[in-house]
Structure formats: C-alpha cells, structure tokens
Amino acid sequence: MKALKLLTLTLLFFIASCSTIRVTTDYDTSADFSKYKTFAFYKKGIDKAEISDLDKRRILKAIESELLAKGFTKSEEPDLLVNIFAKSTQRVDVYNNNYYYGWRPWYYGPNFGTQISKYTEGTLFIDLIDANKKELAWQGIGSGALSTSGNIVKKEEKIKEFVAEIMAQYPPGKENK
C-alpha cells in the first residue's frame, strides 16, 4: 500500500512538473507602459519564425485576444509592434528511484529503478516593440512541455495557455496573480 502511494505521488509530481509553464520577462525600465494603447503585428519578424503558418496564426490569435482583454486596440498606426519567435528542443529526463522495503540484501519490496522520459520542450518569445523608437520595450518568454499527441484541440489549448501565462506578466510592475 505504501509503495502504491509513493508511486502515485511520484507520477503526480512528474505530470505536474511537465505541465507547468515557466515564464520570465524583461523590459525597458525607462518605458512608460501606460502610454501604450494600440498594437499591430510585426509581419517581417513573424514571417521569420520557423514554425508552421497554422501555429503562427494560433499564437497571434491568442496574443490578440489577450491584448484586447487588457484594453488594447488593434491599429494601422500602433504604439506597440508585436513580434514572436518560437523554438523547440527534445528533452530527456532520467530519474533514479531506488526505493526498497526491508533490509538489504534481502530485498522484498518494489524497486522502481531508473525511469526515463522523453518530451519536447517549447519556448515562445513574445516581443513588444515601441513602434516610435523601434526598440524592444518588453519581452515575455514561456517554456514548457509540448503535447505531441497530434490532437489539434489540445494543441490550441496549450498555445492559449502559453500565451496567457506569458501575457499575465504584462505590464511590468502590475500585481500578477
């Protein structure tokens, strides 16, 4: 019974650690973020992103939704230009879990041994560029495990989750929950 509980806790920890998105941000400390009210997508930069056009559209749609929810307006003469960059890497995690019952060498309990997990980790960069200065004002970076199941609905949900977690950190200095 104890072994089953330990196995369950280990699996829950592993699943939770793989599903979280780690977010970091950087920004120009001299920028007045309250003056930014409008945005447009920076096509030249977005075209260079080496991801499928479908994923680009999904990401841009999610960013647009987040910015509109924050009170921004899409404009032909924007205050901010939005650019994206994405990359993915194959990750391998090795866990050595030597758990035994009783006295050694008289092993009589489970040994979970070495566990190996392989997954794809994606990183999404969202850049907000001051359109007048042509300088980066804010950058949000989100990294986390990507689903490789081929399920389009789950893929769209994951993209929305990535974007929402990153954009929750904008504007800087705001109380993020």
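Residues numbered from 1 in each chain as written. Predicted model: local features only at pLDDT ≥ 70, side-chain atom pairs only at ≥ 80, totals over all residues. Heavy atoms only, no water.

**Q** Can you lay out the pairing of strand 2 (residues 38–41) for me, pointing to particular residues and giving the numbers?
**A** Along strand 2, one buried face is formed by T38 and A40 and the opposite face, lined by F39 and F41, is buried too. Pairing analysis gives two bridges linking strand 2 to strand 3 (residues 73–74), with the strands arranged parallel. When the bridges of strand 3 are listed, F39 appears paired with K74. (Buried < 20%, exposed > 50% of the residue type's maximum accessible area, 1.4 Å probe, protein only. Helix = DSSP H or I, 4+ residues; strand = E, 2+ residues; numbered from the N terminus. Pairing = 2+ DSSP bridges.)

**Q** Now, about the nonpolar core: what can you tell me, with residues and values included?
**A** I63, L124, I126, V163 and Y170 are the most contacted members of the largest nonpolar core, which has 28 residues in total. Listed by contribution, the elements that provide at least two residues to this core are strand 2, helix 3 (53–69), strand 4 (80–97), strand 5 (113–130), strand 6 (135–146) and helix 4 (152–167). In this structure L124 touches I59, I84, F85, A86, G140, I141, G142, F162, V163 and I166, once residues within four positions along its chain are discounted. (Core = buried A, V, L, I, M, F, W, Y, C linked by side-chain atoms within 4.5 Å. Contact = heavy atoms within 4.5 Å.)

**Q** Go over the environment of D93 with me, naming the residues and quoting the values.
**A** Relative to the helices and strands, D93 is located in strand 4. Note on D93: relative accessible area 22%, which makes it partly exposed. Distance in space between the C-alpha atoms of D93 and I116 is 5.7 Å, their sequence separation being 23 residues. For D93, the contacting residues outside a window of four places in its chain are Q115, I116, S117 and Y119.

**Q** Describe in detail the packing of helix 3 against helix 4, supporting the description with residues and values.
**A** To characterise two packed helices, one gives the angle between the axes of the helices and the distance between these axes. One way to put it is that helix 3 packs onto helix 4 with a least axis distance of 9 Å and a crossing angle of 45°. By the angle between their directions, the pair helix 3 and helix 4 is classed as oblique. Viewed along their axes, helix 3 and helix 4 form a crossing whose handedness is right-handed. Touching D55, R58, I59, A62, I63, E66 and L67 of helix 3 are I152, K155, E156, I159, K160, V163, A164 and M167, all from helix 4. Per-class residue counts for the contact of helix 3 with helix 4 are nine nonpolar, no polar and six charged. (Axes fitted to C-alpha atoms, helices over the stretch in contact; angles between N-to-C directions. Parallel < 35°, antiparallel > 145°, perpendicular 65-115°, else oblique. Left-handed = near helix turned anticlockwise from the far one by under 90°. Nonpolar A, V, L, I, M, F, W, Y, C, P; charged D, E, K, R; others polar.)

That's the geometry; what it means functionally is another story.
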